[in-house]
Structures are given as C-alpha cells and as structure tokens.
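# Chains, contacts and geometry: an overview
So the chains spell out like this:
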Amino acid sequence: MRSKLSGMTPSHRARDGVGPGFPERLHALWRAARGYFKSAMSIFFLDSGSLESVLRLLFIFLLKVIFQSFSNLCGYVERVAYATKRTIDFGQPTSLSHPELVGEDEITPGIATDEYISRRKRLLELLPEKSLAIIASAPVKMMTDVVPYPFRQDADFLYITGCLQPGGIAVLSEECGLCMFMPDPDPHDAVWQGQVAGVEAALEFFKADKAFPLSVMHKILPQMMRQASRLFHNVKTASPSYTEMEPFYKASFNNKVKDLSTYTHELQWIKSASELKLMRTSASIACQSLLQTMLLSRIFPEESKLSAKVEYECKMRGAQRMAFNPVVGGGVNGSIIHYSRNDQKIRAGDLVLMDVGCEFHGYLSDLTRTWPPCGSFSPAQLFNFLLSDSVSALSLNLRTVELPKCGSKFAQVQGCGSVTAEECSCTSNKFYDSEEILYSLILETNKECLKLCRPGISLQQIHNYSVKMLRRGLKDIGVLNDEASYLYHQLNPTSIGHYLGMDIHDCAMINNDRPLEPGVVITIEPGVYIPSSYDGPERFDLKYGGVGIRIEDEVLITETGHEVLTGSMPKEIQHIKSLLNYTHSEASEASDLRTAFN
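Note that the structure is a prediction, hence the values are computed from the model and not measured.

### Looking at the overall build of the protein
Secondary structure summary: the protein contains 21 helices and 19 strands in total. Expressed as a percentage of the 598 residues in the protein, the buried residues total 49%. The contacts of the protein with a sequence gap of at least 6 include a subset with a gap of at least 24, amounting to 69%. As displayed, the protein has an accessible area near 29400 Å², and 55% of this comes from carbon and sulfur atoms.

Written out as structure tokens, the structure reads:
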C-alpha cells in the first residue's frame, strides 16, 4: 500500500535505512546529504562502509533534534502516513460511508441485514407454491423536463430489498431466492447524479442471491416466468420492462397474475421491534417540531410561515422529508380536510388546524392539533341556541353531562354550570365559546376512542363508536337537528383513523374489520369540519364563516392495551392556553421580534 504523503512503500523506506512514517522531503534530504558527504569525506581515507555508518549516525542525531522541536508535526505525520481503506459508493448510506447512521450489520438505518433476509423468507412462505414475485422500484417523477421531484422508494420494494434507489427490479422465488436486476452503469449519469447501486452492490450490500444488469433482464426473466405457476407483482409500480414480456402477458390473460400487496401488507402490518424504534423517533420528531411551531404561531400567525417552520424543525431533528405536505388551515380553511395551499394569514380569534408528519428512515408519523394562535377561543355570543328553551342539559351544565348510549363525558372545561335564560344576559362573559365547545367534544371523543385501543377490537368498531359520540354531541350542542341527520357526513366524512407505517395509509389491503394485534400502529383522529356554507338548525348561529377541528394521535397496540406515540404533544385546553399566553414582558418581546422581521 502506498503512503498518502510520501508515495513510497515500506520496503523502500527499509532499503534507505529509515522506518515507516518518514516524510518524503526528509527522504530526499537524506539521499542528497548522503551523496554529498560521501564524496567529501572520501578525502579522509574512510572506506565506503565506515563513511556510511558515520553519516547515518550523524543524520539520525540531527533528525532527533528536529523531531523533538516539532513533536506536534511529527505526531501529525505519523497519524496520516497510510491511507485508509477505500470506501465504495453504493448510492445510499452504508456503514462505511455513514457510520453515524448505519450499523455494520444493517442495510438501512435501524434495520439489520438479517431482518431483510427474514422478510424475504416470510414472504415466500406466504406465497403459493412455485410462485414468482416481481417487485419494481418506484419510478422517477419529473417536475419539469429536466427537474425531478425528490425520489421516494416504493414501500414494498424497500421492505424486501433495502434499496433506496430507482431503476431496479427484484424477483423472488423458492428456486432463485432474491434476484435483483440493477441499472446498468452510465458514466454520463454518474457525472450529473452520482453513483448508483449496481450488480456488485446487490450481491455484496443488499445480500441478493443473484444479480444481473437490467439490460439482460429480457434474456433471463421470461424463462423464470414460464417456470412459475403464478405471478405476483406490485401493481402500483408495474413497469413495461416486464409487463410487456410475452410470458407475463400470457399469464395475465389466463388470470394467473395477482397483486403482491396482499402479501407484503400482511408482513408490514405488525411492526418489528426495530421498526417500532424508528416509528417512535419519527413521532417524537413530529411532536417536538409541532410544539415549536405552535409557540411561533403567536408571533407569526401565517399559514406559510407555520408550514415552513414545522418542516425546518423536522429536518433539523433528523427527518429526511415530510410525510406529506403540511396541512395548515387557519379559520375556514381548517374545514377543508386536505387543505394544502397554506397561503393565508390567520385572523385574530381564528383557530388553526395543523396536520403534519415526517419520515425517519422510511417510517412515518402523523398527528394533528388545533389551537387558537391568539391564545384564547372565540367570543362567547357565538351560540344563540343557549337561550333556547329546548336546550338540553348538555348545553346548560357542560361540566358533567353524560352522552346516552356512549356513556362518555365531554367538555371537561371551566364553565358556569346550570343557569337560566334570565341569568345568561348578565353572565355572558362566562358563556362557553362555540369553538371551545366543539373542541371539547372532539377532545373527549379522541380520549374515549383511545381507551378502546387494545388487541381484539377493530378499527371499524372504534370508528362506529366515534360516530355515535359525535352524532349525539353535535345534536346536543345544536349543530345537528337529530342524531340520524344525513348532514353528519357533510360535517365529518372521514374515518376515525388508519394504519400507519412505511406509508401514511399503510397496509391498505388489510381490512378495517380485522381485530387489532400487538405491534400494529394506527391513528385516532376525530374531527368536525363546518364549511362557511353550512345550513344548520335555526338555533345554530356561527359567528365566523366556518371552522375545522381535528385532534389526531398515533397509537401503538400493545399486549396490554396501547401506547400513544404522540402523547407528548399538548391537546388539553388548559395546556394549550398556558403555552400560548405569555407574560406581559414575553408578549412585548414577541411583538418586537415580529416588527424586526416585517
């Protein structure tokens, strides 16, 4: 091995009479001095051998003096004398290129090589005998003719191979194991986009049993298809590179081609310990980032700034990307379930609904909070129905109202208790704000549904329970005429939650009627979305044009019940008010900060 500094091998140094780590310039000095003094000292009858010995002793003595005077330089030379092992670029982080991210026994951060191999074996065990599975990587999507969107790998392809790059096709069967067809090396692409994984990476890093360049797939894959009794492939990423092959077309015509997701989602549904560790980190990053964004909303109540803030905080804490474009809906925009424009200022007194999530090494988080950036809910006179004679006990004594059939309480907020219509006129400052009433209903529904999260109950059962709670609550506070009103689905067309993992709506092939098991991660997200055009009961009078409220938590089903992965993010009314209401001096500093940025 050549020295990084001297360009000489250890044998060269030994031949010249000096040891390893000797800098190149000192070698040159030694050779020049030896030649000069050898010629000069030959005058004094010294033979060649004696002269060589004297010169060596003199030169070593001088070097010791030099090295003692510059010991720090000597130490530096010793440390960098030899080059380290060459790091091979596989186009994604490895234990050699990114030791701070990837362990020596891992293919992707947090997921060991053995776990990937186990996934492949388990998939083969689920598939019918003599089946062939074909999984294509996600395609590159273009923003313009030359600008691609940031690439994100297909969950099924990543789950089986660990490859984060586009262009590959994986084939799995009992006969060949994992066979990967990798993109052919292209020097032009390497110049513009960097190295990508090839055949060498497939065998050495991803631990494929066989690997070939993509350019020869048309010679190999057709025969593999003919030998299989059934073909399975990922329909979402199906590629013409194999679907247009004659054996595939023939198998499809004979109804022998099925969607592989039925089996991969079965594997992905229950998370391993390694996956749960990544999901906990992803949830923690999202919670910390949303909390910082909530605090900023008091100073900068603008949708665009809050969207930028939460993305910045997530990435600064290690997230690779957002799980989806953040939903930042202020006021009436909160009633648009997947609002994404994020271009409005939030009016004083309005609520803001933020639905956010991030991705941490392939695993996603998802949570929603709704709060008033100004620090308090809207004025009290928003609900004229409080003066109606037909108001139920629910509206007059919000502190301890039982919801029939659901058996839960809501609106555990500070209030005035039971009052009469005459008392209302003089104690209006004690009325519940309409938005606070709605928020309390959604919060209580969230908490009651969380209590149901345990093995054996299904997501559909939790949803049905939430619908009963919300129908009853919306009817009692005057938003609906009756519990059976068809208008309910206009106010809440969503499900109570979904599975979560490598995709936001993870494992879509798993039915919501399936009983939950330990290791499954779901969301619980009750909400109400009242558009500005809503034509409700006469006793319903909303001062502002519309409102949307959702409270979403990420929940892991455990052996004994559940664990709320987003439990660190405040959602209680008093906690939110405490966070957003500063002391006088802090509010003044915030105003000064806003002025400085404008």
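### So, helix H14 (residues 303-316)
Counted at 1.5 Å a residue, the expected span for H14 with its 14 residues is 20 Å, and the 20 Å between its end C-alpha atoms agrees. Every buried residue belonging to H14 is among Glu-303, Leu-306, Ser-307, Lys-309, Val-310, Glu-313 and Cys-314, and all of these are buried. In an axial view of H14, the angular spread of the buried residues amounts to 160 degrees, which keeps them on one side of the axis. Its buried side turned inward, H14 meets helix H13 (273-296), strand E9 (321-322), strand E10 (327-330), strand E11 (352-356) and strand E12 (358-360). Looking one or two residues past H14, Gly-318 carries a phi angle of roughly 110 degrees, positive in sign.

### Some thoughts on the sheet that holds E12
Spatially, three strands are ordered E9-E12-E13 in an open sheet, and the strand pairing comes out antiparallel. Both outer strands of the open sheet, E9 and strand E13 (363-364), are each paired with one neighbouring strand and no more. Bridge analysis of E12 against E13 gives two bridges, and the strand direction is antiparallel. By the bridge assignment for E13, Glu-359 is matched with Leu-364.

### Here we look at helix H11 (residues 246-253)
Residues of H11 that are buried include every one of Pro-247, Phe-248 and Ala-251, and no others. The buried residues of H11 occupy an angular sector of 100 degrees when the element is viewed end-on, so they sit on one face. Relative to its buried face, H11 has exposed residues pointing more than 90 degrees away, namely Tyr-249, Lys-250 and Phe-253. In this structure, the buried residues of H11 make contact with helix H9 (217-227), strand E7 (230-233), helix H10 (240-243) and strand E8 (257-259). The positive-phi residue at the C-terminal boundary of H11 is Asn-255, with phi of around 60 degrees.

### A short note on the nonpolar core
Among the nonpolar cores identified, the biggest contains 92 residues, and Phe-206, Met-354, Leu-438 and Leu-474 are the most heavily contacted of them. Judged by nonpolar contacts, the second largest core, of 20 residues, contains Leu-459, Ile-496, Val-520 and Ile-557.

### Things to note about the state of the cysteines
Scanning all chains against the criterion turns up zero disulfides. For Cys-179, which is in no disulfide, the shortest distance to another cysteine sulfur is to Cys-176 and amounts to 5.4 Å. A residue is classified by how much of its surface remains accessible, and Cys-179, at 1% relative accessible area, is buried.

Analysis parameters
Residues numbered from 1 in each chain as written. Predicted model: local features only at pLDDT ≥ 70, side-chain atom pairs only at ≥ 80, totals over all residues. Heavy atoms only, no water. Helix = DSSP H or I, 4+ residues; strand = E, 2+ residues; numbered from the N terminus. Buried < 20%, exposed > 50% of the residue type's maximum accessible area, 1.4 Å probe, protein only. Contact = heavy atoms within 4.5 Å. Areas by Shrake-Rupley, 256 points an atom, 1.4 Å probe, with all protein chains shown as cover. Expected span 1.5 Å × (residues − 1). Arc of directions from axis to C-beta. Pairing = 2+ DSSP bridges. Core = buried A, V, L, I, M, F, W, Y, C linked by side-chain atoms within 4.5 Å. Disulfide = S-S within 2.5 Å.

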